[in-house]
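So you can see what is in the structure, the chains are spelled out below.
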Amino acid sequence: MDEVEINGLHIAFERKGEGSPLILLHGALSDSRMWRRQLDELSDEFTVVAWDAPGCGRSTDPPETFRLPDFADCLAAFIEEIGLVKPHILGLSFGAGLALEFYRRYSSIPKSLILASAYAGWAGSLPPDVVEERLQQGLQQSRLPPQKVVEKWIPTLFTKSVPVEVINETATIMSEFHPAGMRVILRSFAEADLRDMLPTIKVPTLLLYGEADQRSPLYVAEDLHARIPASKLVIIPGVGHDCSLEAPEIFNAEVRSFLQANTK
């Protein structure tokens, strides 16, 4: 992996391929390793960059006061530092919320948005009691042994038909989460309400959701689709929240088709 320093934070990332740039933003309790199949399969046509967000993977932990706008500012500086111009931005779950906040603050940079298992922030997509429950549970879990956290999260990310190797790979990544980074991300997303900026999106936008997503249910998908002008919604049948891991062939095909149509 490569590494750059952004405002005192060490940001690790993987870069592969040549062509129009595509940035991959992972979800909470994850890092760039979740994008292995996308790095491998899409780099034949695109420059694919997957970062470890602050507080994740090999990147350093941000201050406790870090919130979604700070992640977006860090991402903008990261894009400039590694020399990408007009990248497509693909985010999953927390990463999709980050992509939306990034567009709010830097609308001239993204060429397109791909939002997988997305929320308009937890506060923007979920009832207040659900937001508070998720936040408090997550904060408590951040202090548990990693294996206990994995046991609680994995069943909410996939359907029961997911291959065991995908579960094992995800469990390995999740077990290396940063407790401090997890708490920052949870608080960031619990506070985020991005509904007001959705109608302002003027770039091509693809919404990708698993039909059986427990964490970001289809009513969330339909709400974002209704609010984002000219967005395209694709539902992947029989798949859960981590749709890029559970159905990578379908996921990659949808992403490739969308990028080909919007790379000129």
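Procedures and definitions
For every chain, the first residue of the written sequence is number 1, and numbering continues from 1 along that sequence. The model is predicted, so local features are restricted to residues of pLDDT at least 70 and side-chain atom pairs to those at 80 or more, both for listing and for counting; the totals for chains, interfaces and linings are taken over all residues. Calculation of side-chain values draws on the structure's entire complement of heavy atoms; hydrogens and water are dropped beforehand. Labels follow the DSSP assignment, with helices taken as runs of H or I lasting at least four residues and strands as runs of E lasting at least two, numbered in each case from the N terminus. The classification of residues rests on relative accessible area computed with a 1.4 Å probe and restricted to protein chains. Under 20% of the type maximum is buried, over 50% is exposed, and intermediate values are partly exposed. We call two residues in contact whenever any of their non-hydrogen atoms come within 4.5 Å of each other. Salt bridges, as used here, are contacts in which a Lys or Arg side-chain nitrogen is within 4 Å of a carboxyl oxygen on Asp or Glu. Only strands joined by at least two bridges in the DSSP assignment are considered to pair. Working convention: axes come from line fits to C-alpha atoms, limited for helices to the stretch in contact. Angles between N-to-C directions cover 0 to 180 degrees.

- Taking an unreviewed UniProt entry as the reference, the protein chain is identified by name as Hydrolase belonging to Methanosarcina mazei.

**Some thoughts on the environment of Phe-13**
Then comes step 1: Relative to the helices and strands, Phe-13 resides in strand β2 (residues 9-16).
Then comes step 2: A relative accessible area of 5% means that Phe-13 is categorised as buried.
Then comes step 3: For Phe-13 and Gln-214, which are 201 residues apart along the polypeptide, the C-alpha to C-alpha distance reads 29 Å.
Then comes step 4: Excluding anything up to four places from it in sequence, Phe-13 contacts Met-1, Asp-2, Glu-3, Val-4, Val-49, Ala-50, Trp-51, Phe-78 and Ile-82.

**What about the pattern of salt bridges?**
Then comes step 1: The final tally for this structure, using the stated rule, is 13 salt bridges.
Then comes step 2: Measuring nitrogen to oxygen at the nearest pair gives 2.8 Å for the salt bridge that ties Lys-16 to Asp-40. Linking Lys-16 in strand β2 with Asp-40 in helix α1 (residues 36-42), this pair joins segments that are 24 residues apart in sequence.
Then comes step 3: Judged by relative accessible area, Lys-16 falls into the partly exposed class, the value being 34%.
Then comes step 4: Asp-193 is paired through a salt bridge with Arg-195; the nearest N and O atoms lie 2.6 Å apart.
Then comes step 5: Using a relative accessible area of 31% as the deciding quantity, one classes Asp-193 as partly exposed.
Then comes step 6: Arg-195 gets classed as partly exposed once you look at its relative accessible area, which sits at 33%.
Then comes step 7: Because the salt bridges share partners, they merge into one network encompassing Asp-31, Arg-33 and Glu-176.

**A short note on unusual backbone geometry**
Then comes step 1: Not every positive phi belongs to a glycine, and Leu-29 is a case in point at roughly 55°.
Then comes step 2: Inspection of the secondary structure assignment puts Leu-29 in the loop between β3 (20-25) and α1.
Then comes step 3: By relative accessible area, which is 7% here, Leu-29 ends up buried.
Then comes step 4: For Ser-117, which is not glycine, the phi torsion reads 50° and is therefore positive.
Then comes step 5: Under the relative-accessibility criterion, Ser-117 is labelled buried at 0%.

**Side note on the sheet that holds strand β8 (residues 232-236)**
Then comes step 1: Taken together, the eight strands give an open sheet; going across it, the order is β1-β2-β4-β3-β5-β6-β7-β8, and neighbouring strands pair in mixed fashion. With partners counted over all chains shown, the strands left at the sheet margins are β1 (2-6) and β8, one partner each. Looking at each pair of strands side by side, their axes are set apart by 20° on average, direction ignored.
Then comes step 2: Bridging between β3 and strand β4 (residues 46-51) involves five bridges; their strand directions are parallel. By the bridge assignment for β4, Ile-23 is matched with Val-49.
Then comes step 3: Sheet contacts for helix α9 (residues 218-227): β7 (205-210) and β8; angle to β7, the most-contacted strand, approximately 170°.
Then comes step 4: Packed on one face of the sheet, helix α11 (residues 248-261) meets β3, β4, β5 (88-92), β6 (112-116), β7 and β8 and runs near 165° to β6.

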